[in-house]
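Observations on the model geometry
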Amino acid sequence: MVAYTLKQLQYFVAVADQGSISAAAASVHISQAAMSQALTELERIVGSQLVVRHRARGIVVTAVGVHFLRDAKALVRHSEEVQGRVIERQDRLVGPLVLGCYSGLSAFWLPEIGQGFVKPNPGLEVKLVEGDGGELQERMLDGYLDAVITHTRHLIPRIGWTTVMAGVPYVLVSSSHWAAGRQSIRLAELADEDFVSLDIPSVRDNQLVNLRQSGLDPKIAWKSSSLEAVRGMVAKGLGYTVLVQRPPVNVSYDALPLTVLEIEDDVGHSDICVAYLDSERMSLRLRAFIDFCADAGARKQRETASHKG
């Protein structure tokens, strides 16, 4: 017989997530004494110290506790799935769903998810977290996230994924650029021109490397972590850039026109995908979310094709 209870596991997860016994107790609406007693009893049952208590600095999870925490989260998550499936079999999506979104995609996907997936399913408790694609996947492996929207080039080991939209890089230039009247361009033609870089880890680690492998060593003159700032600098004639995401209108925040040029070189795809833990049984709500993203991605591709036409 298993000696510890699901409630004890939930309390341990709360302590690890909150960083202190008092904060964990408040988050689950019990007394600090009850939380401390439950944690002590859990440590006695498993035969190992799971956390180190510091009076002024909260708690620190021990090495044994780190490994036990991952298993505890999986058990808690599975228990929530078992409870939720009863209601979901009645064609209602219920329960928690914590989703990560690569920051370079958030402007395109978070509003879509909010309107098309979250609002129509009030029984879901959806939390959206933005950040670097690789770091979000690491958090998913640690049990903090259910899925991550990112690029296929950002995928890390031990992750499953479903592609929901093609991502083809393109060159963006100002309306006054010498190539603005063209439909496409070779990367070598831009070798001596200033490059405006979207300065985020995934671009530095993936896109710039990919461009160099394709024969173009970008002459970076300007940087910004904001997609719209990059587009604005390009519209002002400060340089060109290479992006994947395509807004439906080719104008900057200053209402200056921009020109999209297809790349004639073989630079490969950077498709958009939903990444998830391949080793776990997928919940009905996560499957519904992936299906929603696939439908939304297909629609976005049709809209992009119509604007190109």
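First, a word on what this report is: a plain description of the structure on this page. Being a predicted model, the structure only gives us computed values, none of them experimental.

1. Focus: the overall build of the protein chain
Of regular secondary structure, the protein chain possesses nine helices and 13 strands. Seen through its principal axes, the protein chain has C-alpha atoms that stretch 75 × 45 × 35 Å. Taken across its 309 residues, the protein chain has 47% of its residues classed as buried. A fraction of 70% describes how many contacts in the protein chain between residues 6 or more apart in sequence connect residues 24 or more apart. With the model as given, the accessible surface of the protein chain reaches about 15,700 Å², and the carbon-plus-sulfur share is 51%. Taken together, the 32 basic and 35 acidic charged side chains of the protein chain have centroids lying 5 Å from each other.

2. A closer look at the packing of helix H1 (residues 6–18) against helix H2 (residues 21–28)
Viewed as axis vectors pointing N to C, H1 and H2 meet at an angle of 125°, and their least axial separation amounts to 8 Å. Compared by their axis directions, H1 and H2 come out oblique. Regarding H1 and H2, the two cross each other, and that crossing is right-handed. For the pair formed by H1 and H2, the contact residues are Tyr-11, Ala-14, Val-15 and Gln-18 on the first element and Ile-21, Ala-23, Ala-24, Ser-27 and Val-28 on the second. Partitioned by chemical class, the residues of the contact of H1 with H2 number seven nonpolar, two polar and no charged.

3. Details of the environment of Gly-123
Positionally, Gly-123 belongs in the loop between helix H5 (103–118) and strand S4 (124–131). Judged by its relative accessible area of 27%, Gly-123 is partly exposed. Expressed as a C-alpha distance, the spacing of Gly-123 and Val-94, which sit 29 residues apart in the sequence, is 4.5 Å.

4. What to know about helix H8 (residues 227–235)
Extensive coverage of H8 is indicated by the burial of seven of its nine residues. Among all positions in H8, only Leu-227, Val-230, Arg-231, Gly-232, Met-233, Val-234 and Ala-235 are buried. Of the residues flanking the start of H8, the one acting as N-cap is Ser-226, its side-chain oxygen 3.4 Å from the backbone nitrogen of Glu-228.

5. Quick notes on the sheet that holds strand S6 (residues 159–165)
Strand pairing in a sheet relies on backbone hydrogen bonds, with the paired strands running either antiparallel or parallel. Strands sit in the order S4-S3-S5-S13-S6 across an open sheet of five strands; the sheet is mixed. Two strands close off the open sheet at either side, each with one partner strand: S4 and S6. Averaged over all pairs of adjacent strands, the angle between strand axes in this sheet comes to 25°, irrespective of strand direction. Two strands pair when backbone bridges link them, and strand S3 (residues 95–102) and strand S5 (residues 147–151) are joined in this way by three bridges, in the parallel orientation. Across the sheet, Gly-100 pairs through a bridge with Val-148, a residue of S5. Contacting S3, S4, S5, S6 and strand S13 (272–277), H5 crosses the sheet at an angle of about 150° to S3.

6. Considerations on the pairing of S13
The buried count for S13 comes to six of six residues, which makes it a mostly enclosed element. Residue alternation in S13 divides its side chains into two sets, Ile-272, Val-274 and Tyr-276 and Cys-273, Ala-275 and Leu-277, and both sets are buried. Looking at chain direction, S5 and S13 are connected through five bridges and run antiparallel. Of the residues in S13, the one forming a bridge with Ile-149 is Val-274.

7. Looking at unusual backbone geometry
Phi is mostly negative for residues that are not glycine, and the peptide bonds are mostly trans. The backbone of His-29 shows a phi angle near 65°, a positive value even though the residue is not glycine. Tracing the chain through its elements places His-29 in the loop between H2 and helix H3 (32–46). Using a relative accessible area of 72% as the deciding quantity, one classes His-29 as exposed. Of note in this structure, Arg-158 is not a glycine but carries a positive phi near 70°. Within the fold, Arg-158 resides in the loop between S5 and S6. Classification of Arg-158 by relative accessible area gives exposed; the value is 59%.

Calculation rules
- Residues numbered from 1 in each chain as written.
- Predicted model: local features only at pLDDT ≥ 70, side-chain atom pairs only at ≥ 80, totals over all residues.
- Heavy atoms only, no water.
- Helix = DSSP H or I, 4+ residues; strand = E, 2+ residues; numbered from the N terminus.
- Buried < 20%, exposed > 50% of the residue type's maximum accessible area, 1.4 Å probe, protein only.
- Contact = heavy atoms within 4.5 Å.
- Areas by Shrake-Rupley, 256 points an atom, 1.4 Å probe, with all protein chains shown as cover.
- Lys, Arg positive; Asp, Glu negative; His and termini not counted.
- Charge placed at Lys NZ, Arg CZ, Asp CG, Glu CD.
- Axes fitted to C-alpha atoms, helices over the stretch in contact; angles between N-to-C directions.
- Parallel < 35°, antiparallel > 145°, perpendicular 65-115°, else oblique.
- Left-handed = near helix turned anticlockwise from the far one by under 90°.
- Nonpolar A, V, L, I, M, F, W, Y, C, P; charged D, E, K, R; others polar.
- Polar contact = N/O pair within 3.5 Å; in protein donor to acceptor, adjacent residues only side chain to side chain.
- Pairing = 2+ DSSP bridges.

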